[in-house]
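Residue-level listing of the chains:
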Amino acid sequence: MEVLRVHELAASHLRLAGESDSGRSATTVYGRGGARLRQTLIALDAGQTMGEHQSPGDASLMCLQGDVVLRAGDDEIELWAGDLVAVPPQRHDVHARSASVLLLSVALH
């Protein structure tokens, strides 16, 4: 078994996001070939938005650090460190109000 030091990985990717022209950095933390679950750590610099997109399956988003707004249609919800939400099945985007780190979990069908 391998232990993933999430806080260390988050700090590293937050630093990379701050240095990147896109203001983002991400890495798959779980998702071997044939797996039915994929987890991705996503770091967003303050003010960055992950543009509108569709989820490939049932998904949840956990805010590990910072604060973000998840928007889907006319609905929006604020997430702060420690908050977890089911990602809506319709198109949505995520906006980081401060430097933020998220854990996206997606069930692959």
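Residues numbered from 1 in each chain as written. Predicted model: local features only at pLDDT ≥ 70, side-chain atom pairs only at ≥ 80, totals over all residues. Heavy atoms only, no water.

Some thoughts on the environment of Gly33
Next up, step 1: If you trace the backbone, Gly33 turns up in the loop between strand S1 (24-30) and strand S2 (37-44).
Next up, step 2: Looking at Gly33, the relative accessible area reads 74%, which means it is exposed.
Next up, step 3: The spacing of Gly33 and Ser55 is 22 residues in sequence and 19 Å in space, taken between C-alpha atoms. (Helix = DSSP H or I, 4+ residues; strand = E, 2+ residues; numbered from the N terminus. Buried < 20%, exposed > 50% of the residue type's maximum accessible area, 1.4 Å probe, protein only.)

A word on the pattern of salt bridges
Close approach of charged atoms allows side chains with opposite charge to pair.
Next up, step 1: Applying the stated criterion across every chain yields a total of three salt bridges.
Next up, step 2: Residue Arg97 pairs with Asp67 through a salt bridge whose shortest N-O separation is 3.5 Å. Placement of Arg97 in the loop between strand S8 (92-96) and strand S9 (100-107) and of Asp67 in strand S5 (residues 67-72) is noted, with a sequence separation of 30 residues between them.
Next up, step 3: For Arg71, the salt bridge goes to Asp93, with nearest N and O atoms at 2.9 Å. Of the two residues, Arg71 is situated in strand S5 and Asp93 in strand S8; the sequence distance between them amounts to 22 residues.
Next up, step 4: Exposure remark for Arg71: the relative accessible area of 29% places this residue in the partly exposed category.
Next up, step 5: A residue is classified by how much of its surface remains accessible, and Asp93, at 16% relative accessible area, is buried.
Next up, step 6: Salt bridges sharing common partners tie together Asp67, Glu78 and Arg97. (Salt bridge = Lys/Arg side-chain N within 4 Å of Asp/Glu carboxyl O.)

Details of the sheet that holds strand S7 (residues 84-86)
Neighbouring strands of a sheet are bound in pairs by backbone hydrogen bonds; such pairs are parallel or else antiparallel.
Next up, step 1: On the basis of which strands lie adjacent, the open sheet formed by five strands has the order S1-S2-S9-S4-S7 and antiparallel pairing. Of all strands in the sheet, those bounded by a partner on one side alone are S1 and S7. Averaged over all pairs of adjacent strands, the angle between their axes in this sheet comes to 20 degrees, without regard to strand direction.
Next up, step 2: As judged from the six bridges shared by strand S4 (residues 59-65) and S9, these two strands associate in the antiparallel manner. The residue bridging Ala59 from the neighbouring strand is Val106, located in S9.
Next up, step 3: Its contacts with the sheet place helix H1 (residues 6-19) against S1, S2, S4 and S9, and it is angled at close to 50 degrees to S2. (Pairing = 2+ DSSP bridges. Axes fitted to C-alpha atoms, helices over the stretch in contact; angles between N-to-C directions. Contact = heavy atoms within 4.5 Å.)

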